[in-house]
Amino acid sequence: MLVKDSLDEMKKREASLRAIKLIVSKKGRNSLYDLTGLSGGFLATSDDLNLLETYIGPAIFEEELQKLGKEHLGGEKVFAVNRTSSGILATILSLGEKDKNIIHFLPEFPSHPSIPRSCNLIGANYLEFDNINDFIDDFSDNVSLVIITGSTMDHEILDEKHFKKVIDLAKNNNVPVFVDDASGARLRTAIYSQKKATELGADLVVTSTDKLMMGPRGGLMAGKSDLIDIIKSKAHQFGLEAQPSSVLAMVKGLEAYDEENLKKSLDKKDKLMVLLEKHYSMFEETPTGVMVSQGSLKKEITFNNNSNKRGEIMDDFSSKDLCFLWAMILLKYEDIVTIPAVSMPGASPTIRFDLAANDVQKLDICLLFEKINNSFKTLLKIINNENLAKEVLFV
Ligand SMILES: *Cc1c(COP(=O)(O)O)cnc(C)c1O
């Protein structure tokens, strides 16, 4: 294994940030294509920034955040947190209990690591299910919190019928329901015409303000006022709340959000998929783009259509390593940023090309196909050369 632990993942991230800086300083921001679907956007005018320097600004932005946040997520009250993970931690610290169950339902494993990690921190028993019957069978009277993931890190979407079933069961047992709708708050509603989590009966929801919208890395929570107040006071004790600069950027990101832009990515996805399917069998469609999972990538390399191997992988390269390697090649040789290159430790290694990303507007789909194709050929040359692979990952 090349990337063995969180420390290696951090080193890989440092290398990718250096590569990004190099590309931008040599060729300019316009030649870099961020297809992560995470924008890290900071839309603000100089008037906004002047206001930010005083105590007046935060008061104004807070009021606007309440209005726009409630339009976006529903609920009675909104609270901005530093990251979605911070909202998850604050909620579990507030509503979870030691030795009681926290039970999580999601459309497909794996869950975001912040959920089990936060449960572990308070000594709660953490259970997770992706099968509705198992979830129902294992529900007991010892549950302090139900968590639902509306759309996973890999953009697998929860069926609305299952959503309702889980919420009904929790309600009948007087257990609060918290929805991790990091990308789901927009994907589920804009692409799949599903209802907002709060409209489906959830007590609390958190969304990520840089997923499929032009906001900053941050989390936006909404839900019942009394629960939000409890979580808010807990979050302040540990510094989990968003700072005024993020709140300003969240307000601007919410103002700029238009679900029609998300829907437009669908045509581009179809066009790209036609090109890719002629040459590869590893690509799957996501709601707004295409992806390759670690398993499919390994399979594509070891068997091709005529069941001939495309390449020889070194024994100690894991399938996760292959994803990280490909992501770093995409970045260093093709100027394309995907999540596994820049992700925080523990995030999904799936390579995703998000066609709802802003930078896709300046990228021709045929050129994107060429870049994907070239990077895959480069990958095949590196998977049997440990020194070269380490250099691509960590230097
Ligand atoms: C992205 C994501 C998170 C975490 O968001 P951060 O901003 O990294 O804290 C949590 N859950 C899901 C399902 C996600 O997709």
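Check the entry above for the structure.
The model shown is predicted, which means the values in this text are computed figures rather than measured ones.

**So, the overall build of the protein chain**
Okay, step 1: If you tally the helices and strands in the protein chain, you get 16 helices and twelve strands.
Okay, step 2: Over its C-alpha trace the protein chain gives a radius of gyration of 21 Å, about what one expects of a compact globule, namely 21 Å for 395 residues.
Okay, step 3: Across its three principal axes, the protein chain shows a C-alpha extent of roughly 60 × 55 × 40 Å.
Okay, step 4: Scored against the burial criterion, the 395 residues of the protein chain give a buried share of 54%.
Okay, step 5: Long-range pairs, those at least 24 residues apart, make up 76% of the contacts in the protein chain with a sequence separation of at least 6.
Okay, step 6: Summing over all exposed atoms, the protein chain offers an accessible surface of approximately 17300 Å²; the carbon and sulfur share of this is 49%.

**With respect to the sheet that holds strand β9 (residues 284–286)**
Okay, step 1: Taken in spatial order, the three strands make up an open sheet running β9-β10-β12, and their pairing is antiparallel. This sheet does not close on itself; its edge strands, each paired only once, are β9 and β12 (351–354). With strand direction ignored, the average angle separating the axes of adjacent strands in the sheet is 30°.

**Describing the site of the ligand**
Okay, step 1: Near the ligand the following residues occur: Arg83, Thr84, Ser85, His112, Ser151, Met153, Asp180, Ala182, Lys211 and Arg217.
Okay, step 2: One of the side-chain N or O atoms of Ser85 is found 2.6 Å from an oxygen atom in the ligand.
Okay, step 3: In the environment of the ligand, an oxygen atom lies 2.6 Å from a nitrogen or oxygen atom belonging to the side chain of Arg217.
Okay, step 4: Here the ligand loses 94% of its free accessible area of 380 Å² to cover by the protein chains.
Okay, step 5: Among the residues forming the shell around the ligand, the class breakdown is two nonpolar, four polar and four charged.

**Remarks on the sheet that holds strand β3 (residues 101–105)**
Note on sheets: strands pair through backbone hydrogen bonds, and any given pair is parallel or antiparallel.
Okay, step 1: Taken in spatial order, the seven strands of this open sheet run β2-β8-β7-β6-β5-β3-β4, and their pairing is mixed. Either end of the sheet is taken by a strand with one partner, and the two such strands are β2 (77–81) and β4 (125–129). Along the sheet, successive strands turn relative to each other by an average axial angle of 20°, direction set aside.
Okay, step 2: Two strands pair when backbone bridges link them, and strand β7 (residues 204–208) and strand β8 (residues 219–223) are joined in this way by five bridges, in the antiparallel orientation. Opposite Thr207, over in β8, you have Leu220 as the bridge partner.
Okay, step 3: Sheet contacts for helix α9 (residues 225–238): β2, β7 and β8; angle to β2, the most-contacted strand, approximately 20°.

The rules behind the values
- Numbering of residues starts from 1 in each chain and follows the order in which that chain's sequence is written.
- Residues qualify for local features only when their pLDDT is at least 70, as the model is predicted, and side-chain atom pairs are given and counted only at 80 or more; totals for whole chains, interfaces and linings, by contrast, use all residues.
- Hydrogens and water are ignored here; the side-chain numbers use all heavy atoms of the structure.
- Labels follow the DSSP assignment, with helices taken as runs of H or I lasting at least four residues and strands as runs of E lasting at least two, numbered in each case from the N terminus.
- Values of the radius of gyration come from C-alpha atoms, whereas the globule rule sets the reference at 2.2 Å times the count of residues to the power 0.38.
- Only protein chains enter the accessibility calculation, which uses a 1.4 Å probe; a residue whose area is less than 20% of its type maximum is buried, one above 50% is exposed, and one in between is partly exposed.
- By definition in these notes, contact holds between two residues if any of their heavy atoms fall within 4.5 Å.
- Accessible surface is estimated by sampling points in the Shrake-Rupley manner with a 1.4 Å probe; for residues, cover comes only from the protein chains shown.
- Only when DSSP finds a minimum of two bridges between them are two strands counted as paired.
- To get an axis, fit a line to the C-alpha atoms, keeping to the stretch in contact for a helix; angles then go from 0 to 180 degrees between the N-to-C directions.
- Think of it this way: one heavy atom of a residue within 4 Å of a molecule or strand is enough to make that residue near it.
- For this analysis, a polar contact is any N or O atom pair within 3.5 Å, provided that within protein one partner can donate a hydrogen and the other can accept it, and provided that sequence-adjacent residues contribute only side-chain to side-chain pairs.
- Only Asp, Glu, Lys and Arg are considered charged, only Ala, Val, Leu, Ile, Met, Phe, Trp, Tyr, Cys and Pro nonpolar, and every remaining residue, Gly among them, polar.

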